[in-house]
Amino acid sequence: MSRGRHTDMQARKELLLARSSIERMELAAHVHRIKAAAAPSAMLKSVLPRLGGAGGVTTAMRAWRMLRRYPIVSSAVPMLLARVRGRGIFKLLKLGGVAVAAYQGYKLWRAFKQDDRPPRSGSPR
């Protein structure tokens, strides 16, 4: 093998190693962002944006911690809801869930539509 070809292969190897290192760092950053977005407080903020203030999230997180600390409470809630089943609470919860999902979809659609609009020619930037 000629010396020039050997150095070319070494350089290519170094470039590939550098690229893989960069991709690993990017993957780690993406995983960190996904973990942060999947936290209960972030999910609560995305579903109920009005709770975005410190008071609403603090209250929700306090309730979450209480449910995790006292599992008997989280076990009793489904039993209570099962007793109220005949009154239509589950239908109401399903309807509310569908309404929240539809509203979030509408907000997402509206945001995409606003991004797709061409800028006005007379508007200052």
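Being a predicted model, the structure only gives us computed values, none of them experimental.

Here we look at the overall build of the chain
Scanning the chain for helices and strands turns up five helices and zero strands. For the chain, the N- to C-terminal ordering of α and β elements is α-α-α-α-α. Total accessible area computed for the chain in this model is approximately 11600 Å², and 63% of it derives from carbon and sulfur atoms.

Considerations on the packing of aromatic side chains
This structure, assessed with the given rule, holds one aromatic pair. Ring centres of Y106 and W109 lie 6.0 Å apart, and the angle between their planes is 35°; on these two criteria the pair is classed as tilted. One end of the pair, Y106, and the other, W109, are both in helix α5 (residues 89-116), three residues apart, so they sit about a helical turn from each other.

Thoughts on the confidence of the model for the chain
Should pLDDT be low for a region, the predicted coordinates there are not to be read in detail. Summing up the model confidence of the chain, the mean pLDDT is 77 and the portion of residues at 70 or higher is 70%. By mean pLDDT, helix α2 (residues 40-47) is the weakest element of the chain at 70, and helix α1 (residues 3-37) is the strongest at 92.

Quick look at a nonpolar patch on the surface
A surface patch of nonpolar side chains, amounting to about 450 Å² of accessible area, comprises M66, L67, Y70, I72 and V73. Secondary-structure elements contributing two or more residues to the nonpolar patch are α3 (54-69) and α4 (71-83). Of note, L67 is situated in helix α3.

The rules behind the values
Residues numbered from 1 in each chain as written. Predicted model: local features only at pLDDT ≥ 70, side-chain atom pairs only at ≥ 80, totals over all residues. Heavy atoms only, no water. Helix = DSSP H or I, 4+ residues; strand = E, 2+ residues; numbered from the N terminus. Areas by Shrake-Rupley, 256 points an atom, 1.4 Å probe, with all protein chains shown as cover. Phe/Tyr/Trp six-rings, centres within 6.5 Å; stacked < 30°, edge-to-face > 60°. pLDDT = per-residue confidence, 0-100. Patch = residues over 30% accessible without salt bridge, like charges linked within 9 Å, V, L, I, M, F, W, Y side chains within 5 Å. Salt bridge = Lys/Arg side-chain N within 4 Å of Asp/Glu carboxyl O.

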